[in-house]
Amino acid sequence: MNIRDLMHASPVMPVIVLDRVADAVPLARALVAGGIRVLEVTLRTAAALESVRAIRAEVPQALVGVGTVTTPAELDAAQAAGAVFGVSPGASPALLRAIAASGLPFLPGVMTPSDVIAAREAGFEALKLFPAAQAGGIGMLKALAGPFPGLVFCPTGGIDAGSAPDFLALPNVLCVGGSWLAPKALVEAGDWAGIERIARAAAALRPAA
């Protein structure tokens, strides 16, 4: 599956932060039950890579990837854990080269037109705009559409259930990233039914009229 297929698989890619490996499988099952199959587990905690392994082993319906990849070593670790895609908050030339060589479907992070040009020169045409709200949000994405007509984006950062449809209405946005699908309080409480309800609403999001 290529990165565009992954982006089309769901309108929202949950940004998941896991402090306990034990939460990984029930969380993934709740999200999948709600219609969200593409899951980004971020490398922000020590539990991240083991959580990816657990989800791959026990929730085969999930398409689990690794986010917050910032170095070639983290990219290697993500692949070793079984990630089927990767996401970065930004990208250096060395990281872009490593991603291209790895063959892993990947969303490199960009924030400026210069970032976009560098990523495109490295062979990437699907990108993560991050942090989306601080980078200019919908206005920025509309502005990027002119000089970069062939590129598509997954904006992430500052997007919620209320604003997501407006982003999804843009022709160059295939999906959005959001942390609201797996709120820390619900994960800590083990409220998997609550998370499934949030996922179901996210899976039903459609572009604004």
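Residues numbered from 1 in each chain as written. Predicted model: local features only at pLDDT ≥ 70, side-chain atom pairs only at ≥ 80, totals over all residues. Heavy atoms only, no water.

Colleague: Explain helix α3 (residues 48-58) to me, please; I cannot follow it from the model alone.
Modeller: In an α-helix there are 3.6 residues to a turn, and that puts residues three or four apart on one side. By the burial criterion, the buried members of α3 are Ala-48, Ser-51, Val-52, Ala-54 and Ile-55. On an axial view of α3, the arc spanned by its buried residues comes to 165°, and they lie on one face. Buried residues along α3 sit against α2 (24-33), β2 (38-42) and β3 (63-67). (Buried < 20%, exposed > 50% of the residue type's maximum accessible area, 1.4 Å probe, protein only. Helix = DSSP H or I, 4+ residues; strand = E, 2+ residues; numbered from the N terminus. Arc of directions from axis to C-beta. Contact = heavy atoms within 4.5 Å.)

Colleague: What am I meant to see in the pattern of salt bridges here?
Modeller: Opposite charge on two side chains permits pairing when their charged atoms draw close. Summed over the entire model, instances satisfying the criterion amount to 6 salt bridges. As a salt-bridge pair, Asp-19 and Lys-184 come within 2.8 Å of each other at their nearest N and O atoms. Taken together, the positions of Asp-19 in the loop between β1 (12-16) and α2 and Lys-184 in helix α10 (residues 184-189) put the pair 165 residues apart, joining distant regions of the chain. With its nearest N and O atoms 3.3 Å apart, the salt bridge here joins Glu-50 to Arg-53. Taken as a pair, Glu-50 and Arg-53 lie in helix α3 at a separation of 3 residues, close to a single helical turn. (Salt bridge = Lys/Arg side-chain N within 4 Å of Asp/Glu carboxyl O.)

Colleague: Hey, could you run me through the sheet that holds strand β8 (residues 152-153) in this one?
Modeller: Each strand in a sheet pairs with another by means of backbone hydrogen bonds, the pair being arranged parallel or else antiparallel. Ordered in space as β6-β7-β8, the 3 strands form an open sheet in which the pairing is parallel. Two strands lie at the open edges of the sheet, namely β6 (109-110) and β8, each paired on one side alone. (Pairing = 2+ DSSP bridges.)

Colleague: Quick question: what am I supposed to make of the pairing of β1 here?
Modeller: For a regular strand, side chains alternate in direction, first toward one face of the sheet and then toward the other. With respect to burial, β1 is a largely interior element, 5 of its 5 residues being buried. Side chains of β1 alternate between two faces, with Val-12, Pro-14 and Ile-16 and Met-13 and Val-15 buried alike.

Colleague: Help me out: how do you make sense of the nonpolar core in this one?
Modeller: Soluble globular proteins tend to bury their nonpolar side chains together. Leu-31, Phe-153, Val-176 and Trp-180 are the most contacted members of the largest nonpolar core, which totals 61 residues. With 7 residues, the single largest contributor to this core is α2. Setting aside anything within four residues of it in sequence, one finds Phe-153 in contact with Met-7, Val-110, Val-116, Leu-127, Leu-129, Leu-141, Leu-144, Asn-172, Val-173, Leu-174 and Cys-175. Grouped together as the second largest cluster of nonpolar side chains are 14 residues, Leu-6, Val-38, Phe-85 and Cys-175 included. (Core = buried A, V, L, I, M, F, W, Y, C linked by side-chain atoms within 4.5 Å.)

Colleague: What exactly am I supposed to notice about the environment of Arg-44 here?
Modeller: Residue placement: Arg-44 occurs in the loop between β2 and α3. Spatially, the C-alpha atoms of Arg-44 and Asp-5 are 26 Å apart, while their sequence positions differ by 39 residues. Beyond its immediate chain neighbours, meaning those up to four positions away, Arg-44 contacts Val-15, Val-17 and Thr-68.

Colleague: How do you make sense of the state of the cysteines when you look at a structure like this?
Modeller: Any covalent bond linking the sulfur atoms of two cysteines counts as a disulfide. Scanning the entire structure with this criterion turns up 0 disulfides. Lacking any disulfide linkage, Cys-154 is separated from the closest cysteine sulfur, that of Cys-175, by 3.5 Å. For Cys-154, a relative accessible area of 2% translates into the label buried. On the basis of relative accessibility, which here comes to 1%, the residue Cys-175 falls in the buried class. (Disulfide = S-S within 2.5 Å.)

Colleague: So what exactly am I meant to see when it comes to the environment of Ala-98 here?
Modeller: By the secondary structure assignment, Ala-98 is in helix α5 (residues 93-102). Leave out the neighbours within four places in its chain, and Ala-98 touches Pro-72 and Leu-75.

The analysis is restricted to geometry; functional conclusions fall outside its scope.
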